[in-house]
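# Fold and contact review
The chain contents come next:
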Amino acid sequence: MSEDAAPGRDEPIASLLAVFDDPSTGRRRLPGLVGKLDADAESVRLGAAWAICHVAAHLPDTAAYLTRRLADRIDDEGPSLEAELAFDYVAARYPDAVAEELAAMETEAESRPRYWPVEGSLARANYHRPAVGERDVGRTRLAGEGNSSGPQRVYTDDGSSHDRLQRGTDPAAGDAVDGDEADDGDDVSSERPDARSASSKDSDGQSISDAGWQPADDISSVVADSRFDQLTVLAKRRRGRYADVYRTMGVLDGEQLPVGLSLYHRPSQGSEAFVTAIDERLARWAGVDDHDNVVAVYDWGLDSRPWAATEHMGFSLADRDRLELSEALFNASELAGAVAHLHENGVVHGGIDPGNVVYSGNVIDEDEVQPPLLDDVGLLHVVRNYFDPTERLDPRYAAPEYFDRRFGRIDHATDVYHLGALVYLLFTGDPPYDGEYGRIRDRVLTDPPPRPSDVVAVPDGLDDVVTKAMARQKLQRYEMVTHMEQELRRIATEDEP
Amino acid sequence: MIAAVELGLDLVGGNPNLTFIFFIALVLLGVLGLRFTFYAYRNDRAADLAGQESLWRTLAFVGVTAVLFALLGVVDIVSSLQTPYRRGVMLAHVLLLALVLQSLYRNSVPTGTPGSGAVGPGRPFWLAGALVVVGVTAGTAWNADHHAVAALEGIAALAFLAVGFVVGRRGTSASRVQGTVVDTLLRHLLPVLLFASLIPIAELAVVAGLDQVVVLHIQVVFVIMTATALMTATIKLRQNLAGL
């Protein structure tokens, strides 16, 4: 399934034309437009580049955002011509802003990873950028799903000293993920001709000759340490907010499982405490993953570096455009149910934002509504103490207690707030607050909660749900997510034709 | 003056059984009121947010008045000191409870938002209520006409109950409040208001001609009920404190 045909997305050309008709709407469409630079169709990529230039021309303040988004793509191993085209335009039009942003990025890169000793505080703007480094999102297919055409590559660890790895390179096992039965989700053939030629040198298609695509050495120890009989890396590493993630195929008791293998980023200081804490959080996550809307944790370990093998997910809510009303209601109810499940089991997520709401991407019918799943359950509690929290939690969705300690601790009421912010996004397609970090912080701490009906027509009662969930003071928020879930389900029932 | 106070059992209504039950009820109210005050104070200190100070401080005063009423009642029983003016303290307790319910509602449904409407009476009502409290306290302290003071006390308590109940019920039925922590707090404080206000309201029965001892038997039940209702409300304060 292509990215543009994914459920809940606009028809690509129509989306581009909408920007042409009204460039002022381009700000909220920019994430989607940038994502379209990865589209399969060249016309869509070119159209997206043109639309990005059009938006940049009308909205000069988007230059900084575009600089980051496009620079990431240009820095990638296989930069797209369209991204370069758009970047060159923005750089030529706003040379000062682009230079300033590039300098800031360089400074950030030099200072990262950083130890972040201030618990419960967000200090700097650097929002989660959907699709940056997540170029597979929304258009991945897993091995064995079929419906595949053209060449594809399967990457495995080649550490021959590990038994499981050796099993992973077993030609018989490789058959399951090789050839026409495997996917071409990464679209290597069209985007990376050098990689394809490298692949063709291998008779079994499973060895790696392109160093840029090689799995980290850590994988060998993970494979040996894991409970999987076989763990085959299917796609190149994706740098996530919490971890480097590999799309893999695991074999467990003869059953194939699409696995997202996360190797968590290690802090430069306090590594031992970090490892212990992340282990404890992963155990808690595994204790609540029996819910349909929580990403399953198959296995985790601490060898070499903390890792977790979880259910593989294709893309996140951050990669989606505004949803249809019925789908938004479905997503909101399901997510509320998932959070209620976490709370019933004494787990607080703490980091619910669009980047942590994920979808499998595996649908048979394109009209099928995909259930949302919560990812990285509870990990932010640990990660924010070691890394820049603004890069792990999108401040536009962050609860007041993340900005100001006086609003209390990070607890279940924080999840309620974040869930309310997500509901706002689901129905309006926009984040509840936007702008520079300082502006967002001020608005979160002073403005009354935003009402979706101020942006779009929404079902009766939805304004109350969002404003109650996003109340600044915990006193005025939902006491329990189950209340919120009940009200969302009631609205969904009343909204049914 | 204090030197003139003698320790010794002063029977309530001349009835030892009633005195014993009153003593237990007042101690219970005092302890639970103290606990309520403590957690309201801790919430006030921990929250440190503009807009919440008045709420937590009023709640703390609710607890303080309960403690004061209980303390004066115990002193009345175990010493020769007579404290009839404690009835004014209980009326103040009821007034503050009604005020808290209104504050909670107003905080959750700010003026100008849909459904806010007119949220309870304005400042003149509360000032008048405070004057009545002072009047009842002064009247009982200076041995004014018992029936007149009892009537004023009972009617004022009825008015406070009515206002608090209406505001509280409107709050709990407002969609902007339902399911929130405020909703739960309102639901916990409504029984406190109800039972506490019935203590002074029962004085109206004396005005109607019922024997004072019978009324005291009724009042002691409401004192116990007020204490237990305060206990459950304190749980909510503790839970809120845990999140701060």
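Let's shift gears to the overall build of chain A. Check the secondary structure of chain A and you find 19 helices and nine strands. For chain A, the proportion of its 497 residues judged to be buried stands at 53%. Within chain A, residue pairs in contact and separated by at least 24 positions form 73% of the contacts whose partners lie at least 6 positions apart.

Right, let's talk about the overall build of chain B for a bit. When helices and strands are counted, chain B shows eight helices and zero strands. Secondary structure of chain B in N-to-C order comes out as α-α-α-α-α-α-α-α. Relative to its 244 residues, chain B shows a buried fraction of 48%. When contacts within chain B are restricted to residue pairs at least 6 apart in sequence, those whose partners lie at least 24 apart make up 79%.

Turning next to the packing of helix α4 (residues 123–141) of chain B against helix α5 (residues 146–173) of chain B. All names here are of chain B. Interaxial distance between α4 and α5 falls to 10 Å at its minimum, and their mutual angle equals 150°. Relative to α5, α4 is oriented roughly antiparallel. Taken as a pair, α4 and α5 cross one another with a handedness that is left-handed. Touching Gly-129, Val-132, Gly-135, Val-136, Gly-139 and Thr-140 of α4 are Val-149, Leu-152, Glu-153, Ala-156 and Phe-160, all from α5.

Backbone phi values are negative for most residues with the exception of glycine, while trans is the configuration of most peptide bonds. Residue and element names in this part refer to chain A. A positive phi angle is found at Asp-253, which is not glycine, with a value near 50°. By secondary structure assignment, the location of Asp-253 is in the loop between β3 (243–252) and β4 (255–264). Even without a glycine there, the phi angle at Asp-376 is positive, about 50°. Topologically, Asp-376 is positioned in the loop between β9 (373–374) and α14 (380–383).

This brings us to the sheet that holds β9 of chain A. Residue and element names in this part refer to chain A. Pairing within the open sheet is antiparallel, and its three strands lie in the order β7-β8-β9. The sheet terminates laterally at β7 (315–316) and β9, the two strands that pair on one side only. Pairing analysis gives two bridges linking strand β8 (residues 357–359) to β9, with the strands arranged antiparallel. By the bridge assignment, Val-358 is partnered in β9 with Leu-373.

A few words on the interface of chain A and chain B. One widely used convention gives an interface's size as the accessible area the parts lose upon coming together. The interface of chain A with chain B comprises 19 residues on the first partner and 15 residues on the second. Among the secondary structure elements, those contributing two or more residues to the side of chain A that touches chain B are α18 (462–469) and α19 (481–495) of chain A. Class assignment for the residues of the side of chain A that touches chain B results in four nonpolar, six polar and nine charged.

Our focus in this paragraph is the pairing of β4 of chain A. All names here are of chain A. For β4, the buried fraction is high: seven of the ten residues fall into the buried class. Where β3 lies against β4, ten bridges are found, and the strand directions are antiparallel. Bridge assignment links Tyr-246 to a residue of β4, and that residue is Leu-261. As defined by bridge partners, β4 adjoins strand β6 (residues 307–311) across five bridges and the pair is classed as antiparallel. Bridge pairing links Gly-260 to Thr-310 in β6.

This part covers the confidence of the model for chain A. With 72% of its residues at a pLDDT of 70 or more, chain A shows a mean pLDDT of 73. Of the regions scoring below 50 in pLDDT, residues 1–10 of chain A engages in 31 contacts with residues more than four places distant in sequence or in other chains.

Ranked by internal contacts, the top residues of the largest apolar core, which has 92 residues, are Leu-261, Ala-336, Leu-419, Leu-422, Val-423, Ala-469 and Met-484 of chain A. If one sorts the elements of this core by residue count, helix α16 (residues 412–428) of chain A sits on top with eleven residues. Per-domain counts for this core show at least three residues from each of domain 2 (163–311) and domain 3 (316–495) of chain A. Residues contacting Leu-419 of chain A, with those up to four places away along its chain left out, are Leu-335, Ala-336, Val-339, Ile-352, Ala-469, Val-481 and Met-484 of chain A. Leu-29, Phe-160, Val-181 and Ile-201 of chain B belong to the second largest nonpolar core, which has 78 residues in total.

Secondary-structure assignment places Phe-228 of chain A in the loop between α11 (218–225) and β1 (230–233). Sequence-wise, Phe-228 of chain A and Asp-299 of chain A are 71 residues apart; in three dimensions their C-alpha atoms are separated by 8.5 Å.

Moving on, we come to the packing of helix α1 (residues 16–47) of chain B against helix α8 (residues 212–242) of chain B. Residue and element names in this part refer to chain B. At a minimum axis separation of 8 Å, α1 and α8 run at an interaxial angle of 25°. In this view, α1 runs roughly parallel relative to α8, as classed from their interaxial angle. The interaxial crossing formed by α1 with α8 has left-handed handedness. By residue class, the composition of the contact of α1 with α8 is 22 nonpolar, six polar and three charged.

All names here are of chain A. Of all five residues that make up strand β5 (residues 297–301), four are buried, and the element is covered over most of its length. Relative to β6, β5 runs antiparallel, the two being bridged by four bridges. Residue Gly-301 lies in a different strand from β6, and its bridge partner there is Trp-307. Between β5 and the antiparallel strand that follows it, β6, lie five residues; Ser-304 among them carries a positive phi value of about 65°.

All names here are of chain B. Relative to the elements of secondary structure, Ala-202 occurs in the loop between α6 (181–201) and α7 (203–207). The class of Ala-202 is buried, set by 22 C-beta atoms lying within 10 Å. C-alpha separation for the pair Ala-202 and Glu-153, spaced 49 residues apart in sequence, amounts to 9.5 Å. Apart from the residues lying within four places of it in its own chain, the contact partners of Ala-202 are Val-215, Ile-218, Gln-219 and Phe-222.

As a further point, take the confidence of the model for chain B. In the predicted model, chain B carries a mean pLDDT of 88, and 93% of its residues have values of at least 70. Per the prediction output, this complex has pTM 0.69; the corresponding ipTM is 0.78.

On to helix α3 (residues 86–108) of chain B, then. In an α-helix, one turn spans 3.6 residues; hence positions three or four apart end up facing the same way. The first and last C-alpha atoms of α3 of chain B sit 33 Å apart over 23 residues, in line with the 33 Å expected at 1.5 Å per residue. Of all 23 residues making up α3 of chain B, 22 are buried, and the element is well covered by its neighbours.

The rules behind these values
- Residues numbered from 1 in each chain as written.
- Chains lettered and ligands numbered in written order.
- Predicted model: local features only at pLDDT ≥ 70, side-chain atom pairs only at ≥ 80, totals over all residues.
- Helix = DSSP H or I, 4+ residues; strand = E, 2+ residues; numbered from the N terminus.
- Buried ≥ 20, exposed ≤ 12 C-beta atoms within 10 Å, placed from the backbone.
- Contact = placed C-beta atoms within 7 Å.
- Axes fitted to C-alpha atoms, helices over the stretch in contact; angles between N-to-C directions.
- Parallel < 35°, antiparallel > 145°, perpendicular 65-115°, else oblique.
- Left-handed = near helix turned anticlockwise from the far one by under 90°.
- Pairing = 2+ DSSP bridges.
- Nonpolar A, V, L, I, M, F, W, Y, C, P; charged D, E, K, R; others polar.
- pLDDT = per-residue confidence, 0-100.
- Core = buried A, V, L, I, M, F, W, Y, C linked by C-beta atoms within 7 Å.
- Domains from an automatic or database assignment.
- Expected span 1.5 Å × (residues − 1).

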